[in-house]
Amino acid sequence: MSDIASRVKAIIVDKLGVDENEVVNDASFTNDLGADSLDTVELIMEFEKEFDIQIPDDQAENIATVGQAISYIEEAKK
Amino acid sequence: MELKRVVVTGLGALTPIGNNIEEYWDALVSGKSGSAPITYFDTEKFKTKFACEIKNFDFNEYFGRKEIRRLDRFAQYALVASDEAIADSGIDLETVDKYRVGVIWGAGIGGLETFQEEVKNFANGDGTPRFNPFFIPKMIADIAPGNISIKHGFMGPNYTTVSACASSANALIDALNYIRLGYSDVIVTGGSEAAVTQAGMGGFNAMHALSTRNDDPEKASRPFDANRDGFVLGEGSGALILEEYEHAKARGAKIYAEVLGGGMSSDAYHMTAPHPDGTGVVAVMENCLRNAGLNPEDVDAINTHGTSTPLGDVAELKAITKVFGDHAKTLNINSTKSMTGHLLGAAGAIEAIASILAMKHSLVPPTINHETADENIDAELNLTLNKAQEREVNVAMSNTFGFGGHNACVLFKKIAE
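Model, not experiment: these values are computed from the prediction.

**Describing the overall build of chain A**
Along the backbone of chain A there are four helices and zero strands. N-terminal to C-terminal, the α/β element order of chain A is α-α-α-α. Its C-alpha atoms give chain A a radius of gyration of 11 Å, near enough to 12 Å, the size a compact globule of 78 residues would have. Structurally, chain A occupies a C-alpha span of about 30 × 25 × 20 Å along its principal axes. Counting every position in chain A, which comprises 78 residues, the buried fraction comes to 47%. When the accessible surface of chain A is totalled, it reaches about 4300 Å², and 44% of it is carbon and sulfur. With 6 positive and 19 negative side-chain charges, chain A shows a spacing of 8 Å between the two charge centroids.

**Overview of the overall build of chain B**
Broken down by element type, chain B carries 14 helices and 14 strands. Whereas a compact globule of 417 residues would reach a radius of gyration of roughly 22 Å, chain B reaches 20 Å, a difference of no more than 12%. Principal-axis analysis of the C-alpha atoms gives chain B an extent of 65 × 55 × 40 Å. In chain B, the share of contacts with a sequence separation of at least 24, taken over all contacts with a separation of at least 6, comes to 79%. For chain B, the accessible surface area stands at approximately 16000 Å², while carbon and sulfur atoms represent 51% of it.

**Looking at the sheet that holds strand S8 (residues 257-266) of chain B**
Residues and elements named next belong to chain B. Within the open sheet, the ten strands sit side by side as S5-S4-S6-S7-S1-S8-S14-S13-S9-S10. Their pairing is mixed. The open sheet has two edge strands with one neighbour each: strand S5 (158-161) and strand S10 (332-334). Across the sheet, the mean angle separating the axes of adjacent strands is 25° when strand polarity is ignored. Two elements, strand S9 (residues 301-303) and S10, share three bridges in a ladder whose sense is parallel. Across the sheet, the residue bridging to Asn 303 is Asn 334, located in S10. The strands touched by helix H11 (residues 279-292) are S8, strand S13 (395-402) and strand S14 (406-413); relative to S8, the strand with the most contacts, the crossing angle is about 145°. On the sheet, helix H14 (residues 347-361) packs against strand S1 (6-14), strand S6 (186-193), strand S7 (236-244), S8, S9, S13 and S14 and is oriented at approximately 165° with respect to S13.

**Some words on the interface of chain B and chain A**
Listed as interface residues are ten residues of chain B and, on the opposing side, 17 residues of chain A. Here chain B and chain A share six salt bridges between them. Between Arg70(B) and Asp39(A) there is a salt bridge; the shortest N-O distance is 2.9 Å. There are ten residue pairs in polar contact (both at pLDDT 80 or more) connecting chain B and chain A. Residue contributions to the side of chain B that touches chain A peak at three residues, all from helix H3 (residues 65-69) of chain B.

**Let's talk about the UniProt feature "domain: Ketosynthase family 3 (KS3)" (unreviewed entry) in chain B**
With numbering matched to this structure, UniProt assigns "domain: Ketosynthase family 3 (KS3)" (unreviewed entry) to residues 3-414 of chain B. Helix makes up 34% of residues 3-414 of chain B and strand makes up 18%, while its end C-alpha atoms are separated by 19 Å.

**Thoughts on the packing of H11(B) against helix H12 (residues 310-324) of chain B**
For any two helices packed against each other, the geometry is given by the interaxial angle and the distance between the axes. Residues and elements named next belong to chain B. Where H11 meets H12, the closest approach of the two axes is 9 Å, and the angle between their N-to-C directions is 40°. As summarised for this structure, H11 and H12 are arranged oblique, according to the angle between their axes. The two elements H11 and H12 cross, and the hand of that crossing is right-handed. Together, Val 281, Val 282, Met 285, Glu 286 and Leu 289 of H11 and Ala 319, Ile 320, Lys 322, Val 323 and Phe 324 of H12 make up the contact between the two elements.

**Some words on helix H5 (residues 112-124) of chain B**
Residues and elements named next belong to chain B. Here H5 is 13 residues long and its end C-alpha atoms lie 18 Å apart, about the 18 Å a rise of 1.5 Å per residue gives. When H5 is considered as a whole, its buried residues turn out to be Leu 112, Thr 114, Gln 116 and Glu 118. Turning to H5, the residues buried within the fold contact helix H6 (135-139) and helix H9 (198-206).

**Comments concerning the UniProt feature "domain: Carrier" (unreviewed entry) in chain A**
UniProt tags residues 2-77 of chain A as "domain: Carrier" (unreviewed entry). A distance of 13 Å separates the end C-alpha atoms of residues 2-77 of chain A, which is 58% helix and 0% strand.

**Observations concerning unusual backbone geometry**
Residues and elements named next belong to chain B. Of note in this structure, Asn 56 is not a glycine but carries a positive phi near 55°. Relative to the helices and strands, Asn 56 is located in the loop between strand S3 (50-51) and helix H2 (59-63). Here the phi dihedral of Ser 308 falls at roughly 85°; this positive angle occurs in a residue that is not glycine. By the element assignment, Ser 308 lies in the loop between S9 and H12.

Rules used throughout
Residues numbered from 1 in each chain as written. Chains lettered and ligands numbered in written order. Predicted model: local features only at pLDDT ≥ 70, side-chain atom pairs only at ≥ 80, totals over all residues. Heavy atoms only, no water. Helix = DSSP H or I, 4+ residues; strand = E, 2+ residues; numbered from the N terminus. Rg over C-alpha atoms; globule rule 2.2 N^0.38 Å. Buried < 20%, exposed > 50% of the residue type's maximum accessible area, 1.4 Å probe, protein only. Areas by Shrake-Rupley, 256 points an atom, 1.4 Å probe, with all protein chains shown as cover. Lys, Arg positive; Asp, Glu negative; His and termini not counted. Charge placed at Lys NZ, Arg CZ, Asp CG, Glu CD. Contact = heavy atoms within 4.5 Å. Pairing = 2+ DSSP bridges. Axes fitted to C-alpha atoms, helices over the stretch in contact; angles between N-to-C directions. Salt bridge = Lys/Arg side-chain N within 4 Å of Asp/Glu carboxyl O. Polar contact = N/O pair within 3.5 Å; in protein donor to acceptor, adjacent residues only side chain to side chain. UniProt positions renumbered as here; feature names shortened; annotations may be inferred. Parallel < 35°, antiparallel > 145°, perpendicular 65-115°, else oblique. Left-handed = near helix turned anticlockwise from the far one by under 90°. Expected span 1.5 Å × (residues − 1).

In structure tokens, the structure reads:
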């Protein structure tokens, strides 16, 4: 697992209070990991802080799964 | 339209002297102080370094890691105490008509710690407003009843009353009136507060409202004592299930007491100082008696607001003498704040519970820490000093007053089995 992927997963485990092995790439924040709209906003903010990036709202809407978050951040950090 | 009768069928408490009703009552009658040095933050630069904190309760275990992050402490306390009261009432959550169950809650401030931490983060940043999405929903004072209804599915009236230290007495009176008027069969009421924070302690210190007896925290809350020097901040929650009498009888509920009436008034005088003549306090006890259809002579005991402040305690006792005349000398008067500290918006609830339990057990909890009589206080009043007193209590009054000049008063009556 890449450094980015493991940091993303650690944030998700912490904020959503889910088990680490549930946090797989195609897991949806809302459908699989029990997040509501407020949790999702908080996750995006945590990613911004952890990786020192800005995720505009229109792009944040497209980050719905663990894998999508990892790909977005990997792209942003290139 | 005839008003319906309202009874209390469930109790719950999370207090600095006990984490449930049984512990709370045992501590009240044994005269235990909940005051101790503050553990939540470094108090080195604070004038007052002690408070009545909740002790030995594992909130992480109770709520789980995900849930607890979404709840300010004042909402956590609300859920713990209301869970106990709901369970105690024996209401069947499967069969009760949830549209007929409301939650009316009191909180004087709300999520003060959440507010403090979010604003600190912002102030320490570069000016970018990176507020947590849970900031507002965790902080707002109405989120406690919101969360109680979400947990249990109660779909009746739901809101928070805010009148500083009278908040949960106002909630209780609103709950009484909505059931009387037929809006609801059952209302979960009470209050919670969690202001033992840097902002809370610093703010109340700035008003010179708090005791600074740092060398002896357990003796700091001493209502009616000549050397009292301010109140001791407390935190926690009290919850009561109010229920329409026939509804309670039909399901064979245990009934603690009848809620006979509520009184409300305002000092219309000063933001924080009590009116020296106690005119608003006289008015609230008189209109509570009228609302309950009682005469002063019917009352056996009064749990005072009695915060241990120099002005407030004397003004309240003068008002009691004015309302009750010679009968005042036969009353058991006490202040359980001598043990719990001042729970602000939760005070009315935990003190109402103390009054109800005093009726149940025929035992009036003491006003502890009394050492020196105050010459401004009538020595003939029975202030239930230092030791619980056995007393058949048929009617009990509970007073609470809040900054802003809000006065609230509630009367309970023992109900024949």
